[in-house]
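Fold and contact review
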Amino acid sequence: MVLKIYGNRFSISTRLVATVCEEYKIPYELTSLNLLFKEHKKEEYLKHHPYGVVPYIDDDGFVLYEIRAIARYIATKYRKNAAVPLFPDPITESEKYAKYEQAASAETAYWDKYASNVAQDLVTLPSFGFGVDPSYAQKRLQNLYASLDVYETVLSKQKYIAGDEFSLIDIFHLPYGTLLTSHKILNLLDEDKRPNVARWWKDISALPSWNRVQVQVPDSWP
Ligand SMILES: N[C@@H](CCC(=O)N[C@@H](CS)C(=O)NCC(=O)O)C(=O)O
């Protein structure tokens, strides 16, 4: 049975799950819910995703939510399908795997946390006509810049965020990275400011599966 994604075709989280399916060559079917009509807050949806955000997947009756958990599930179950595995083997490559987990934790603590705040202040709320105190938004943007300064140090010593191999953790940066660069809030390609971040972003943002998913669905949210 084809893996089903219940999400929204404009949602960056849904696109991430679609990208991982593409990486592992898994056929998928997207059911795009209307977020403005709050279809993701209805009782039927909440039975599958109690937190009421998109997406969740149904893989032949197995239901899972949270995009990072979904990505890891797909990457583990369909590991053999990928051209490159996208995560180290925890048994045979325990040190590489530990570094991968370190990067995964850092991504949620120092990237997603700040990038999602900035996206909320400068993309989502304004798109609904709500203003945010500019000094507050600026402070939250500074937090993200401070994280990117650390990224610059990390990426000056290794090619990708978890080491010298491209991994799922690089892919996890694509949703907010793309959203914030397309709205010209972040310039991740600024070689003068952060040359290693620029080199990394140029590389990972060219991922064909991610770009295919962008073309298939319009580039705006929600
Ligand atoms: N922690 C969730 C985040 C998912 C998320 O932020 N989804 C957004 C769309 S990109 C959403 O459902 N927004 C609508 C809402 O919050 O009501 C995950 O990892 O899956």
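In this report, we go over the structure that sits alongside the text. (Residues numbered from 1 in each chain as written. Predicted model: local features only at pLDDT ≥ 70, side-chain atom pairs only at ≥ 80, totals over all residues. Heavy atoms only, no water.)

**Re the sheet that holds strand β4 (residues 62–65)**
Rules: Two strands qualify as a pair provided DSSP detects at least 2 bridges between them. Helix and strand definitions here come from DSSP, where helices need a minimum of 4 consecutive H or I residues and strands a minimum of 2 consecutive E residues; each element is numbered from the N-terminal end. All axes are obtained by fitting lines to C-alpha atoms, using only the stretch in contact for helices, and the reported angles, taken between N-to-C directions, cover 0 to 180 degrees. Contacts were defined at the residue level, with two residues in contact if any of their heavy atoms lie within 4.5 Å.
The sheet built from four strands is open, its strands ordered β2-β1-β3-β4 with mixed pairing. One side of each edge strand has no neighbouring strand; the edge strands of this open sheet are β2 (28–32) and β4. Within this sheet the neighbouring strands show an average axis-to-axis angle of 20°, counted without direction. As defined by bridge partners, strand β1 (residues 3–7) adjoins strand β3 (residues 56–59) across three bridges and the pair is classed as antiparallel. Across the sheet, tyrosine 6 pairs through a bridge with tyrosine 56, a residue of β3. Each of β3 and β4 is contacted by helix α3 (residues 67–77), which is oriented at about 135° to β4, the strand it contacts most.

**A word on helix α5 (residues 134–155)**
Our working rule: A helix is expected to span 1.5 Å multiplied by its residue count minus one. Only protein chains enter the calculation, and the probe is 1.4 Å; a residue is then buried if its accessible area is under 20% of its type maximum, exposed if over 50%, and partly exposed in between. Here, the arc refers to the directions that run from the helix axis to the C-beta atoms. Polar contact criterion, stated in full: a pair of N or O atoms within 3.5 Å, where within protein one must be able to donate a hydrogen and the other to accept it, and residues adjacent in sequence count only if both atoms are side-chain atoms.
In a regular helix each residue adds 1.5 Å, so 22 residues correspond to 32 Å; α5 covers 31 Å between its end C-alpha atoms and thus fits that length. Those residues of α5 lying buried are Ala137, Arg140, Leu141, Leu144, Ser147, Leu148, Tyr151, Glu152 and Leu155. Across the axial projection of α5, the buried residues extend over an arc of 160°, all falling on one side. Counted as exposed and oriented over 90 degrees from the buried face of α5: Ser135, Lys139 and Val150. Along its buried surface, α5 packs onto α4 (94–127), α7 (174–182) and α8 (195–204). The N-capping residue of α5, defined by a side-chain oxygen 3.1 Å from the backbone nitrogen of serine 135, is aspartate 133.

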